[in-house]
Amino acid sequence: MLPRLLLTLLIATTVTRANYRFASPVDSIAPTERGARIFCTDSTTLDVQFYTPDIVRITLARPGDPEPLLTDALLADSSMKLSIRWIDTADGDADLLADQYEYQALRHIEENDDYQLRWRNLGVVCDKDSLRLRFTNQDGSDFLADDPAMSYGWDGNEVRTWKKLAPGEKFFGLGEKGGGLDRRGRELVLWNSDTPGYTDSSDPLYQSVPFYIGVRDGIAYGVFFNNSYKTRFNFGAGQQRYSSFAAEDGPLDYFVIYGPTIKAVVQRYTDLTGKMELPPLWALGYQQCRWSYYPESEVRNLAATFRAKDIPCDVIYLDIHYMDGYRVFTWDSTRFPQPKTMISDLAKDGFKIVPIIDPGVKADTNYRVAREGLTNDYFVKYPDGTTHIGDVWPGFSYFPDFSNPATRDWWGGNVAELRKQGLRGFWNDMNEPACWGQAFPLETVFNDNGLQSSHKKMHNLYALQMAQATREGLLKAFPNERPFILTRAGFAGIQRYSASWTGDNLAREDHLELGIRIMLGMGLSGQPFTGMDIGGFMETPSPELYARWIEVGALSPFCRTHTHYGSPDQEPWSFGENIEDISRKFLKFRYELLPYLYTLFYESSKTGEPVWRPLFYEFQNDPTCYDWGYQQQFMLGENILLAPVTRVGQYTKKIYLPEGSWLDWNTKRVYEGNQEIIVDAHLDWLPLFLRNGTILFRRDAQSYADERPIQELTLDVFSLPRATDGFPASSASLYEDDGQSMAYAKGKSRTSEYSYSGQNGAFTLRRTVKQGGFTPPDRKLSVTIHGFGKAPLMLWLNEKQITLADQRVSYDPERKVLELNINSEASFNSLQIETHSPNEE
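What counts and what doesn't
- Residues numbered from 1 in each chain as written.
- Predicted model: local features only at pLDDT ≥ 70, side-chain atom pairs only at ≥ 80, totals over all residues.
- Heavy atoms only, no water.
- Helix = DSSP H or I, 4+ residues; strand = E, 2+ residues; numbered from the N terminus.
- Rg over C-alpha atoms; globule rule 2.2 N^0.38 Å.
- Contact = heavy atoms within 4.5 Å.
- Areas by Shrake-Rupley, 256 points an atom, 1.4 Å probe, with all protein chains shown as cover.
- 1 Å grid on protein atoms, 1.4 Å probe; cavity = no way out; pocket = protein on both sides within 12 Å on 5 of 7 lines; lining within 4 Å.
- Points joined across faces, edges and corners; volume = space filled by probe spheres on them.
- Nonpolar A, V, L, I, M, F, W, Y, C, P; charged D, E, K, R; others polar.
- Axes fitted to C-alpha atoms, helices over the stretch in contact; angles between N-to-C directions.
- Parallel < 35°, antiparallel > 145°, perpendicular 65-115°, else oblique.
- Pairing = 2+ DSSP bridges.
- Buried < 20%, exposed > 50% of the residue type's maximum accessible area, 1.4 Å probe, protein only.
- Core = buried A, V, L, I, M, F, W, Y, C linked by side-chain atoms within 4.5 Å.

Asks: Looking at this structure, how should I read the overall build of the chain?
Replies: Scanning the chain from N- to C-terminus turns up 14 helices and 56 strands. Here the C-alpha radius of gyration of the chain, 28 Å, is about what a compact globule of 841 residues would show, namely 28 Å. Projected onto its principal axes, the C-alpha positions of the chain cover 90 × 75 × 50 Å. A fraction of 67% describes how many contacts in the chain between residues 6 or more apart in sequence connect residues 24 or more apart. On the chain, roughly 30500 Å² of surface is accessible, and the fraction owed to carbon and sulfur atoms is 47%.

Okay, here's the thing in structure tokens:
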């Protein structure tokens, strides 16, 4: 009893340690609509609110705290009311009673030393003497716990909480961060920053996502710190005692998300902050950019060259030189005398034009946008009411206050006017917000929906609200058209509004590797639609480095080449015929994979799962998948493993294959997993492997993503029997809609499911269709079954027997490939195959 008594006395007398004031002991507890409010002896309160059986929100409030809870990152329906009933019992029948009476049972147990709250999978235990919280799973085991002596504390306006650090605990997430994917041993700052030419150790960068995933003892959990002030996350940096997170001001308000898988944590985090909206199909195409393409003749010549060289491309970007003196929402009439005509002409050949949009509005009273902003009070101000003027590309500039709904409506309306001219997407840049001198005044005041908050709170939200304004303005003017927005900066929830890229990278090998890791970290942080500037934005890549970069870039979620002002040309044909051929090959491969990629994007819009995934996302219990050496190796969806070559002069590649069988796409050789292998990596090869059980969808090549409907659908099937349990479950869904309208949200789409199964030498490939009001034109169907080691004895196509003499089927024993080619996918229902002993040598 003595240690607990001493601890109680220390806390009760509000001992100061390193200027921190710590929470006092618990006085009482009372039920609330979602959980409980815990009252401390110093009048501090701690709210425990259950959102689902796997998500709980913790909010600590001191007496007189004026700061309301942040809502910008959360979905509106996150505050939905729940039917929860407080049950003062540990009765095992509580859940049964809850189901009977149509409410959710929140168990409350009070013991001598603590309070216990539990809703199905997730429990919260509060120590009465220290306010220390422990979070437990369904077995009662801790997966996250406050430090025994330091749970919650304040140092002036700063708020902080400390969590006990477990041996071997790993940490992932926080958005755009360099270094390794595991943040263990580092302290990281979240404060959106314009960091051109950043390095692996640069911190902070452009985007801040105060969400991380912890993995301890094989159990994954998530923490989302719902605070937009400058924050610091310490994951055992300088000590081995704790992880912690702190903010310079604002509430100590955070969500704890129970997994136990990393997949489940990411999905539940995006339940809170939103999923990516399904983009238009063309946004998945290749995009070409530089600072800057001008005048109009250069843009037209660029487009014509893509088509003449048979290199697919959907988007051409216009950087800041298209504007009149860098005035946003204007055109330079000398460089682009007839922009609407140019846009219309290029659209006929499949090109979409996307301009840059910077938030800085030139301080010029002869300029319409500036006059409107001043007249209607749309700009950021100082506390004395004076409009803030900063220095950026246009010179002295005003900055829109996107936290004001009226400003967002006005800005969105201006964006919509550009869309009416034919522009198809919008590229938000310099939106950290950036200015010359890198010091946007902290004392400036933002509307913040009437709350009048300082830049300290609003800085990290600026890009999020700019993207919100852009998306809402486009949907208001074009309610049946999917917007495409690209942003450099962002905060939690940015995935609801915009794609993103990794900012001003360098044309170096280590930056190719760094970009891969940043993109994987962004995916774990809820942003699946992300990419990096292929070839590097600053400096100049060698021909071989550009080839390696475009090989992996061609399979990235967002696929764009971009380069700096005054740099040498950086188009796919700029590095000689050999690199041009490689670029063409891989960009065409991307367009072949669009059915697979588009389906991945659709699934991500429903689940929040990333498109690019670290190996440990799919193989959480394999320790090798966490190794530093394999953090540039990743999954594209759950079935394609990519191991890109990132070093010039490297023509072999060491690869780790997790459990299962894997098909080398380049050689068609089959490898068993749980081993490291070395494969050839010729300059025109990208090491790529299909996981056992894969059904991969491809289509005929085209010049741009929406050039025509699929004319030939190709299925690559790879499914081998396993020694333990026979064939893996092999099924895949192909999602299709019109690729551009919002009709898909009303169910106008089609999902075709293909399944492949086998047992005792009999195999069946089957197709079923879920009709949803969208019917694509019929097309040819080509099926390739890889690893088929025995010639078929009998075949049935749509339950009618055929032979190998039938021109629609063929078998190649050397390649171990069975192929089916028919003229009508709509006529296909099933293919049944019988062999003596399938898949044997």
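Asks: I tried to follow empty space enclosed by the protein on my own but got confused; where do I start?
Replies: If you roll a probe as big as a water molecule over the atoms, it shows you where there is empty space left. Under the defined criterion, the tally for this structure stands at eight cavities of 30 Å³ or more. Quantified by volume, the largest cavity comes out at close to 120 Å³. In terms of lining residues, the largest cavity is bounded by 14 residues, among which Glu277, Arg471, Pro483, Tyr497 and Ser498 are the most central. Residue composition of the lining of the largest cavity, by class: nine nonpolar, two polar and three charged.

Asks: Mind showing me how you'd approach the packing of helix H4 (residues 296-308) against helix H5 (residues 339-348) here?
Replies: Packed helix pairs are characterised by how far apart their axes lie and by the angle those axes make with each other. Running from N to C, H4 and H5 cross one another at 0°; their axes reach a closest spacing of 11 Å. By the angle between their axes, H4 is roughly parallel relative to H5. Across the interface between the two elements, Glu296, Val299, Arg300 and Ala303 from H4 touch Thr341, Met342, Asp345 and Leu346 from H5. Looking at the contact of H4 with H5, its residues break down into four nonpolar, one polar and three charged.

Asks: Could you clarify how one ought to interpret the sheet that holds strand S47 (residues 712-718) in this entry?
Replies: Backbone-to-backbone hydrogen bonds join strands into a sheet, with any given pair of strands oriented parallel or antiparallel. Read across the sheet, five strands follow the order S46-S47-S51-S55-S54 without closing on themselves; strand pairing throughout is mixed. Of all the strands in the sheet, the pair left with one neighbour each is strand S46 (694-699) and strand S54 (809-812). With strand direction ignored, the average angle separating the axes of adjacent strands in the sheet is 15°. Bridge count between S46 and S47: six bridges; the pairing is antiparallel. Its bridge partner lying in S47, Phe697 is registered against Leu715.

Asks: For this particular structure, what's the right way to read the sheet that holds strand S27 (residues 390-392)?
Replies: Here we have three strands laid out as an open sheet, ordered S26-S28-S27, and antiparallel in their pairing. Here the strands that pair on one side only, and so sit at the sheet edges, are strand S26 (361-362) and S27. In the sheet, S26 pairs with strand S28 (residues 395-398) via two bridges, with the strands oriented antiparallel. Opposite Lys362, over in S28, you have Ser397 as the bridge partner.

Asks: Explain the pairing of S54 here, please?
Replies: Along any regular strand, the residues point their side chains to alternate faces of the sheet. Along S54, the buried face is formed by Val809 and Tyr811; none of Ser810 and Asp812, which line the opposite face, is buried. Two elements, S54 and strand S55 (residues 817-822), share four bridges in a ladder whose sense is antiparallel. Looking at S55, one finds that Ser810 is bridged to Glu819. Hairpin geometry of S54 and S55 is characterised by an intervening segment of four residues between the two adjacent antiparallel strands and by a positive phi of about 55° at Lys816.

Asks: Can you walk me through the nonpolar core in this structure?
Replies: If you look at soluble globular proteins, the nonpolar side chains tend to sit buried side by side. Judged by nonpolar contacts, the single largest core of 166 residues is most densely connected at Ile213, Ile262, Trp411 and Leu636. Not counting chain neighbours up to four residues away, the residues in contact with Trp411 comprise Val328, Phe329, Ile357, Asp358, Pro359, Val361, Pro400, Phe402, Met466, Ala469 and Thr470. Core analysis: the next-biggest nonpolar cluster, separate from the first, contains 46 residues, Ile29, Cys40, Leu46 and Tyr152 among them.

Asks: What is the right way to look at the packing of helix H12 (residues 577-592) against helix H13 (residues 594-607) in this model?
Replies: The contact between H12 and H13 brings their axes to 5 Å, and the two run at 55°. The pairing of H12 with H13 is recorded here as oblique in orientation. On H13, the residues touching Arg590, Tyr591 and Glu592 of H12 are Leu594, Pro595 and Leu597. Classifying every residue of the contact of H12 with H13 by side-chain character gives four nonpolar, no polar and two charged.

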